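Coordinate inspection notes
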Amino acid sequence: MKLENSFRGKAMKTLTLLVFVLVVFALACKLGDSGLFGGSGGGNASNTASSAGADPKSDVVQASKKLVALPSFSAKMEGFGQMEIKQQVDFVAPDRFHVTYLAGAAPGMEIIAIGDQSWMKAAGGNWSKMPGGPNTATPNLRDSFTDEGLKTLTDVKFEGDGTVDAKPTFVYTYKNVTPKGSFPFSAKMWVDKQTGVPLQLVADYTNGVLKQMTVKYDTASPVSIEPPIK
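Residues numbered from 1 in each chain as written. Predicted model: local features only at pLDDT ≥ 70, side-chain atom pairs only at ≥ 80, totals over all residues. Heavy atoms only, no water.

**A look at the overall build of the protein chain**
Scanning the protein chain from N- to C-terminus turns up three helices and eleven strands. Along the protein chain, helices (α) and strands (β) appear in the sequence α-α-β-β-β-β-β-β-α-β-β-β-β-β when read from the amino end. Residue burial in the protein chain is summarised as follows: out of 230 residues, 47% are buried. For the protein chain, contacts bridging at least 24 residues in sequence account for 53% of all contacts bridging at least 6. (Helix = DSSP H or I, 4+ residues; strand = E, 2+ residues; numbered from the N terminus. Buried < 20%, exposed > 50% of the residue type's maximum accessible area, 1.4 Å probe, protein only. Contact = heavy atoms within 4.5 Å.)

Here is the structure:
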C-alpha cells in the first residue's frame, strides 16, 4: 500500500508539472492578433519570413495560439534539479493525457488522465483506476489563460535563426512567471519557419524543484488516448 501511495503521489506531481509545461507557450495567447505568424490558423510562415523579429512578443503570441489550437500533439520532456524528469507526454484536446516515465524515480510507469478520471500502471504491472474526484491537476488548458497570468510576459526578444532536428526555425527568448506557484522563469523557444508552431522550449527556473526543463514537440504524429480499463 505504501508503494502504491508513493506511485500515486508521483503521478499527481507529474501531472501538475505537465500542465505547466503545456501552458508555457500559451501565457500570452490573448495579447494580440498580428505578427509574423498571422492569426491562429496554420498558414505558411515562410511567406512572411522577412518580417521575423519585427514584433517578437506578437510572434510568440501567434506561435502559442497555433500550438494551443492543435487537436493533439506529443512531447518529450527532460528536466533536472531536485528531481529528474524524463517523460513522453501525449495530449488530445481538451483533457486527455498519457504520460510515460522514461527515466527518473519510476521508469516505465504510465498515467492516463481523461477528464476527471485517471489510471496508473507501474512498470511491468497492470492498469488500476486512481480514486478521487475531479482531477484538478489536469484542467482544460484554456482555464490557465487568465488576464492576470498574461500580464507577466516580459523581455521578449528575437534571437535569429536556428534549427531543431534539421528543421529551420526562428528563435525567441522571454521571461515569465508560472500561473500556479508564481515561479519566475526565462525561456528560449524555437518556432518552425514553415508552420509557425513551436518545436522546442528550454525553460530555466530561479527557484522551485526544477532548475531546467527542455520540451521537444511532435505535432505531426497521430495521437489517440482511450481509457485502459472500461
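**Some points on the pattern of salt bridges**
Within the structure shown, the criterion is met by five salt bridges. Linking Lys-121 and Glu-110 is a salt bridge whose minimum nitrogen-to-oxygen distance equals 3.3 Å. Here Lys-121 is found in strand β5 (residues 117-121), whereas its partner Glu-110 is found in strand β4 (residues 110-114), with eleven residues between them in sequence. Like Lys-121, the residue Glu-110 is buried in the burial classification. Asp-165 is the salt-bridge partner of Lys-216, the closest N and O atoms lying 3.0 Å from each other. You can see Lys-216 sitting in strand β11 (residues 210-218) and its partner Asp-165 sitting in the loop between β7 (154-164) and β8 (167-177), a full 51 residues away along the chain. Judged by relative accessible area, which is 60%, Asp-165 ranks as exposed. (Salt bridge = Lys/Arg side-chain N within 4 Å of Asp/Glu carboxyl O.)

**Topic: the environment of Lys-129**
Topologically, Lys-129 is positioned in strand β6 (residues 128-129). For Lys-129, a relative accessible area of 42% corresponds to the partly exposed category. Between the C-alpha atom of Lys-129 and that of Pro-228, which follows or precedes it by 99 residues, the distance is 9.1 Å.

**What to know about the pairing of strand β3 (residues 96-103)**
Where strand β2 (residues 85-92) lies against β3, seven bridges are found, and the strand directions are antiparallel. Across the sheet, Gln-88 pairs through a bridge with Thr-100, a residue of β3. In sequence, β2 turns back onto β3 through a hairpin of three residues. Sheet analysis places β3 next to β4, joined by five bridges and oriented antiparallel. Bridge pairing in β4 places Thr-100 opposite Glu-110. (Pairing = 2+ DSSP bridges.)

**Some points on the packing of aromatic side chains**
Taken as a whole and judged by the stated rule, the model has six aromatic pairs. Ring geometry for Phe-91 against Phe-97: centres 5.2 Å apart, planes inclined by 45°, an arrangement best described as tilted. Judged by its relative accessible area of 0%, Phe-97 is buried. (Phe/Tyr/Trp six-rings, centres within 6.5 Å; stacked < 30°, edge-to-face > 60°.)

**Details of the side chain of Gln-88**
As for its placement among the helices and strands, Gln-88 is situated in strand β2. Polar side-chain contacts of Gln-88 include one of 3.1 Å to the side chain of Asp-90. Apart from residues lying up to four places away in sequence, Gln-88 is in contact with Ser-74, Ala-75, Lys-76, His-98, Val-99, Thr-100 and Leu-102. (Polar contact = N/O pair within 3.5 Å; in protein donor to acceptor, adjacent residues only side chain to side chain.)

**Points about the sheet that holds strand β1 (residues 72-81)**
Within the open sheet, the eleven strands sit side by side as β6-β5-β4-β3-β2-β1-β11-β10-β9-β8-β7. Their pairing is antiparallel. Since the sheet does not close on itself, it has two edges, and those belong to β6 and β7, each with one partner. Pairing geometry for β5 and β6, over two bridges, is antiparallel. Residue pairing in the sheet places Met-120 in a bridge with Ser-128 of β6. Each of β1, β7, β8, β9 (184-192), β10 (198-205) and β11 is contacted by helix α2 (residues 56-69), which is oriented at about 65° to β7, the strand it contacts most. (Axes fitted to C-alpha atoms, helices over the stretch in contact; angles between N-to-C directions.)

Distances and angles like these do not, on their own, reveal function.
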